[in-house]
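Read off the chains here:
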Amino acid sequence: MSADDDYDKLTPEEREARDKADRAREAAEQAALPYKWTQQLGDVDITVPVPKGTRARDLNVVIQKKKLSVGLKGKEPILAGDLCKEVKLDDSTWTLEDQETVLIHLEKLNQQQWWENVLTHHPKLDTTKIQPENSKLSDLDGETRAMVEKMMFDNQQKQMGKPTSDEIKKMETLKKFQEAHPELDFSKAKIS
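Parameters at a glance
Residues numbered from 1 in each chain as written. Predicted model: local features only at pLDDT ≥ 70, side-chain atom pairs only at ≥ 80, totals over all residues. Heavy atoms only, no water. Helix = DSSP H or I, 4+ residues; strand = E, 2+ residues; numbered from the N terminus. Buried < 20%, exposed > 50% of the residue type's maximum accessible area, 1.4 Å probe, protein only. Contact = heavy atoms within 4.5 Å. Salt bridge = Lys/Arg side-chain N within 4 Å of Asp/Glu carboxyl O. Core = buried A, V, L, I, M, F, W, Y, C linked by side-chain atoms within 4.5 Å. Pairing = 2+ DSSP bridges. Axes fitted to C-alpha atoms, helices over the stretch in contact; angles between N-to-C directions. Expected span 1.5 Å × (residues − 1). Arc of directions from axis to C-beta. Polar contact = N/O pair within 3.5 Å; in protein donor to acceptor, adjacent residues only side chain to side chain.

K.L.:
What should I look at first to understand the overall build of the protein chain in this one?
P.N.:
Secondary structure summary: the protein chain contains 4 helices and 7 strands in total. Secondary structure elements of the protein chain, listed N to C terminal, follow the sequence α-α-β-β-β-β-β-β-β-α-α. Counting over 192 residues, the protein chain shows a buried share of 23%. Long-range pairs, those at least 24 residues apart, make up 48% of the contacts in the protein chain between residues at least 6 apart in sequence.

Given below as structure tokens:
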């Protein structure tokens, strides 16, 4: 029996208590890491504290498609290992802020997936519990907005038992074809 099966058998109060305990454990594990990180669907931002007065030339920062290493030259890295997912190298950068913080921006290769952790050997987050910030349709680019609006329309149509946009388009195409070919008898035709 898996932990998910156990979770399904819990009462709402027990689930809430377990979720709260899991969030507290995750927060403690994340706080123990030598860096802080946040993510959006498309990217990950990492802040790594370094000794005050550090200069960029004192740092050894390596960003690879599936690896990351940050540290001071000649010393053990502050963090190093395999990234949990691949990044776009050309869009991933780092900078030193106020001579005490390394800021790393990683652009995700798969921009539709939450990361469980930054490095594979570090504690994982439960990504099923991530609550993304609500975005407005006006914030989306044209293509994404059109896709979301179509999905919303189709869901609304299905709830009312009406045809989806694709079904409407098929019916309009069929109607135009029938009008263009009045010589054909469509009275016994089945549409599936």
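K.L.:
In this structure, what is going on with the pattern of salt bridges? I would like to understand it.
P.N.:
Once their charged atoms are close, side chains differing in charge can pair, the charge on each being opposite to the other. The full count for this structure, using the stated rule, is 7 salt bridges. Counted as one network, the salt bridges with shared partners bring together Asp 22, Arg 25 and Glu 29.

K.L.:
Explain the nonpolar core to me, please; I cannot follow it from the model alone.
P.N.:
Generally speaking, soluble globular proteins have nonpolar side chains that are buried together. Ranked by size, the top nonpolar core spans 24 residues in total, and within it Ile 46, Leu 68, Val 102, Ile 104, Leu 106 and Val 118 carry the most contacts. When contributions to this core are tallied by element, the ones reaching two or more residues are strand 2 (43–49), strand 3 (59–63), strand 4 (67–72), strand 6 (87–97) and strand 7 (101–108).

K.L.:
Please clarify how the sheet that holds strand 2 should be interpreted in this entry.
P.N.:
Sheet strands associate in pairs through backbone hydrogen bonding, adopting either a parallel or an antiparallel arrangement. Across the sheet, 4 strands lie side by side as 1-2-7-6; this open sheet has antiparallel pairing. Edge strands, defined here as strands with exactly one partner in the open sheet, are strand 1 (36–39) and strand 6. Across the sheet, the mean angle from the axis of one strand to that of its neighbour is 15 degrees, orientation sign disregarded. Bridging between strand 2 and strand 7 involves 7 bridges; their strand directions are antiparallel. What sits directly across from Ile 46, in strand 7, is Ile 104.

K.L.:
Looking at this structure, how should I read helix 2 (residues 12–31)?
P.N.:
Given 3.6 residues per turn, any residue in an α-helix points the same way as the ones three and four places further on. End to end, helix 2 covers 28 Å across 20 residues, agreeing with the expected 28 Å (1.5 Å per residue, within 8%). Listing the buried residues of helix 2 in full gives Asp 19, Glu 26 and Gln 30. The buried side chains of helix 2 occupy one side of the element, clustering within an arc of 30 degrees when seen end-on. Relative to its buried face, helix 2 has exposed residues pointing more than 90 degrees away, namely Glu 13 and Lys 20.

K.L.:
Hey, could you run me through the sheet that holds strand 4 in this one?
P.N.:
Overall, antiparallel pairing links the 3 strands, which are arranged 3-4-5 in an open sheet. Strands at the two margins of the open sheet, each flanked by one partner only, are strand 3 and strand 5 (79–82). Between one strand axis and the next, the sheet turns through 10 degrees on average, direction left out of account. Examined bridge by bridge, strand 3 and strand 4 share 5 bridges and lie antiparallel to one another. Note that in strand 4 the partner of Ile 63 across the bridge is Leu 68.

K.L.:
Looking at this model, I keep getting lost on the side chain of Gln 39. Mind explaining?
P.N.:
Inspection of the secondary structure puts Gln 39 in strand 1. When its relative accessible area of 15% is taken as the criterion, Gln 39 is described as buried. A distance of 2.8 Å separates a polar atom in the side chain of Gln 39 from a polar atom in the side chain of Lys 108. Within the structure, Gln 39 has its side chain in polar contact with the backbone nitrogen of Trp 115 (distance 2.8 Å).

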